[in-house]
Amino acid sequence: MLRLLALAVLGLLIFLLIRSTVSAFLAGFGATARTGGPARALRNDLVKDPVCATYVPRRTAVARTAGATTYYFCSPACAAKFEAPT
Ligand SMILES: [Zn+2]
């Protein structure tokens with residue numbers, strides 16, 4: 001019975017050790033993830049739809065990547081037209 005109690009305490013200690021390690025890791029990760037300031041401003045500029053020549057805000061545009069270039073479209077219909085021209 002006493003051995004079971006010792007085992008439970010040991011298990012709790014291991015759990016606390018793992019939890020503190022994980023939270024320390026997550027805190028460090030959060031600090032690096034927050035340093036992405038200028039990227040937000042870039043998402044608000046206008047991009048041109050190559051299919052219908054409409055300018056759309058980048059954050060609402062439909063994006064398609066072809067090779068190293070990313071194209072932005074006003075709607076999924078324009079993106080489909082660009083991918084399969086008929
Ligand atoms: Zn369009």
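Computed from a prediction, not measured in an experiment: that's the story for all the values here.

Q: Tell me about the overall build of the protein chain, and please be specific about residues and values.
A: Helices and strands together make up the secondary structure of the protein chain, namely 3 helices and 4 strands. Order of helices (α) and strands (β) in the protein chain, N terminus to C terminus: α-α-β-β-β-β-α. The 86 residues of the protein chain split such that 6% are buried. A separation of at least 24 residues holds for 18% of the contacts in the protein chain among residues at least 6 apart in sequence.

Q: How would you explain the nonpolar core if you had to name every residue and give the values?
A: Core analysis: the biggest nonpolar cluster contains 5 residues, these being Ala 61, Tyr 72, Phe 73, Cys 74 and Cys 78. Other than its neighbours up to four places away in sequence, Cys 74 contacts Asp 49, Cys 52, Thr 54, Val 56 and Ala 61.

Q: Run through the pairing of strand 4 (residues 69-73), naming residues and quoting values.
A: As a general feature of sheets, a regular strand has side chains that alternate between the two faces. Pairing of strand 3 (residues 62-66) with strand 4, which is carried by 5 bridges, proceeds in the antiparallel orientation. What sits directly across from Ala 66, in strand 4, is Thr 69. In textbook terms, the turn of a hairpin is the stretch between consecutive antiparallel strands, and for strand 3 and strand 4 this stretch comprises 2 residues, one of which, Gly 67, has a positive phi near 70°.

Q: So what's going on with the environment of Ala 80? Which residues, and what values?
A: Here Ala 80 shows up in helix 3 (residues 76-83). Sequence spacing of Ala 80 and Arg 64 is 16 residues, and the spatial spacing of their C-alpha atoms is 9.5 Å.

Q: Could you give an account of unusual backbone geometry, naming the residues involved and the relevant values?
A: Despite not being glycine, Ala 53 shows a phi value in the positive range, around 60°. Note that Ala 53 resides in the loop between strand 1 (46-48) and strand 2 (55-57). Under the C-beta neighbour-count criterion, Ala 53 is labelled exposed, with 8 such atoms within 10 Å.

About the cut-offs
Residues numbered from 1 in each chain as written. Predicted model: local features only at pLDDT ≥ 70, side-chain atom pairs only at ≥ 80, totals over all residues. Helix = DSSP H or I, 4+ residues; strand = E, 2+ residues; numbered from the N terminus. Buried ≥ 20, exposed ≤ 12 C-beta atoms within 10 Å, placed from the backbone. Contact = placed C-beta atoms within 7 Å. Core = buried A, V, L, I, M, F, W, Y, C linked by C-beta atoms within 7 Å. Pairing = 2+ DSSP bridges.

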